[in-house]
Amino acid sequence: MTDALILTLVVFLPFAGALILLIGPRGNDNLRWGALTISVVEFVLSLFLPARFQRHAAGFQFQTDAVWIPNPNIHYHLGIDGISLWLVLLTTFLMPLCVLISWRSVHDRVKEFFVLMLVLETAMIGVFVALDMFLFYVFWEATLVPMALLIGIWGHERRVYAAVKFFLFTMIASVFMLAAIIWLYTKTGSFDYTVIHNAISSGQVPNFAAASLWLFLGFFIAFAVKVPLFPLHTWLPDAHVEAPTAGSVLLAGVLLKLGTYGLLRFNVGLFPAEARRQAPWIIALALIGIIYGALVAMVQPNLKKLVAYSSISHLGFCVLGIFTFTVAGTDGAIYQMLSHGVSTGALFMLVGIIYERRHTFDLTEFGGLATPMPVYATFFLVITLSSIGLPLLNGFVGEFLVLSGSFQASMVAGILAATGVIWSACYMLWMYQRVFYGAVNNPANAALPDLSARESIALWPTAVMAVIMGVASPLWIRPMEVAVQQTIPHLTATASVGSPSSHSNTGGGGR
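Residues numbered from 1 in each chain as written. Predicted model: local features only at pLDDT ≥ 70, side-chain atom pairs only at ≥ 80, totals over all residues. Heavy atoms only, no water.

> Any details on helix α1 (residues 3-23)? Residues and values, ideally.
The terminal C-alpha atoms of α1 lie 31 Å apart, and with 21 residues this matches the ideal 30 Å at 1.5 Å per residue to within 8%. Within α1, the axis deviates most sharply at Phe12, by approximately 40 degrees, and proline Pro14 lies no more than four positions further along. (Helix = DSSP H or I, 4+ residues; strand = E, 2+ residues; numbered from the N terminus. Expected span 1.5 Å × (residues − 1). Bend = angle between axes of the 7 residues up to and from the residue.)

> Break down the pattern of salt bridges for me, with residues and values.
Taken as a whole, this structure holds 8 salt bridges when the rule is applied. For the salt bridge of Arg32 with Asp29, the shortest nitrogen-to-oxygen distance reads 3.2 Å. Here the residue Arg32 and the residue Asp29 both occupy positions in helix α2 (residues 28-46), the gap between them amounting to 3 residues, near one helical turn. With relative accessibility at 40%, the residue Asp29 sits in the partly exposed group. Via salt bridges that share partners, Asp29, Arg32 and Arg104 belong to a single interconnected network. (Salt bridge = Lys/Arg side-chain N within 4 Å of Asp/Glu carboxyl O. Buried < 20%, exposed > 50% of the residue type's maximum accessible area, 1.4 Å probe, protein only.)

> An account of helix α14 (residues 303-322) is requested, with residue identities and associated values reported.
Since one α-helical turn is 3.6 residues long, residues separated by three or four positions face the same way. Its 20 residues place the ends of α14 30 Å apart at the C-alpha level, agreeing with the 28 Å of an ideal helix rising 1.5 Å per residue. Counting buried residues along α14, 19 of its 20 residues qualify, which places the element largely inside the surrounding structure. A side-chain oxygen of the first residue of α14 lies 2.9 Å from the backbone nitrogen of Lys304; this N-cap is Asn302. (Polar contact = N/O pair within 3.5 Å; in protein donor to acceptor, adjacent residues only side chain to side chain.)

> Give me the lowdown on the pairing of strand β2 (residues 74-80), citing residues and values where you can.
The buried fraction of β2 amounts to 7 of the 7 residues, a majority that puts the element mostly inside the structure. Because side chains alternate across β2, one face comprises the buried residues Ile74, Tyr76, Leu78 and Ile80, and the other comprises His75, His77 and Gly79, equally buried. With 6 bridges connecting them, strand β1 (residues 61-69) and β2 associate as antiparallel partners. Bridge pairing links Gln61 to Ile80 in β2. Taking the residues that link successive antiparallel strands as the turn, the β1-β2 hairpin has 4 residues. (Pairing = 2+ DSSP bridges.)

> Just give me the short version of a nonpolar patch on the surface, but keep the residues and values in it.
Taken together, the side chains of Phe12, Phe15, Leu19, Leu22 and Ile23 make up a nonpolar region of the molecular surface, amounting to roughly 480 Å² of accessible area. Relative to the helices and strands, Phe15 is located in helix α1. Taking the relative accessible area as the measure of exposure, Phe15 reaches 35% and is therefore partly exposed. (Patch = residues over 30% accessible without salt bridge, like charges linked within 9 Å, V, L, I, M, F, W, Y side chains within 5 Å. Areas by Shrake-Rupley, 256 points an atom, 1.4 Å probe, with all protein chains shown as cover.)

Written as structure tokens, this is what we have:
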């Protein structure tokens, strides 16, 4: 296996598996085992990437670059760096767990469900590895259809409304990004990210100074809706509450990260000076999202909607870290993406497990569940503590680094962001108390079965990763260092005057 071939295999193996399931027999157990096998093989194959990744090498690795369409000049160009490496692994890590957690909860159209799941996996990975911006846009839009269908077909009571709202919000916002991509192509003659990046860096793009703000906003709108950043977040709670469990896991675990990844790769990577100029109001929106998401989560009577609003708060930390323009803040933003994917993905699995038993998300219906379901309560506690950022668990590392970068950039921003950690502990621990402690007052909860072997197998990897990422964070951060430092010094060198003095310690040359 050559390094140039591995990314193509990682991207398209799930799609090939989807085709096999599509033309294969319709027996539900065969379909489930087939989807699980394909997703596990995909995860094992993706482990080749960190095993062969050269963490001291600059630029993109495992590149494949071939002409796809000669006119216009569109290439099949794939590659990864330290920013995208772990996001690909996060996607392949969560997919087998989603298959396991859907084993018995999906009864109708089982073939179509797992086919769409695998197609979605290909599209999500494609977004992280595409270096041709036309190809990136194709993968970006390709994520919408399977997720909208997963929500609209296998969701809950208001599933069609939630699916249409999700689709319209993200598709309309993406049009602005498409316009920016086309403008850049007309000026550079290429959709290639590296060609466009180098042309902008060397000042070879005609009329770029006049258009940079509009280009920045074109990309920003698409990514801000996907994050989602306040006040563009209203589609998210509906989508999460109505989606099936696996849909919620992938939506929170991976799809939201497409937005934060795009902000870092394109808004900061291509328009560093403009990003610096627009940073104050973006940081303000991130801070509002952190506090607003936490406060709204605190008053939610719906367990799943509480977790959904917690995502708005946690993703605010990612946006804040990116726009501090510090190494610590950027490292923390990427690490927070990974931690949130593991922890919140696990939370949605746990919420889905209790929904299968009680068919309600109403917090008032629960209480004292630790008595009939002690193993379930233990898993829920570990993931709750990781979500609120307890030291030695994964959530602590990302939040600590983001806050470190925030205090370097702005004392006020750091203080306000730190309150989000406090609010997070309040709503998560209060939720845990109401669900698991006290007497079992509802007779329907008295004899609930504890976790099955399949459910435990789905949850164990997330709990183990929460601990490993909390105590061995350098394993993830070191491969990011070169890619992050390539962005930060380039930004410092080209940004407008007035940057925080703390950035002077980043040093180094541009990409």
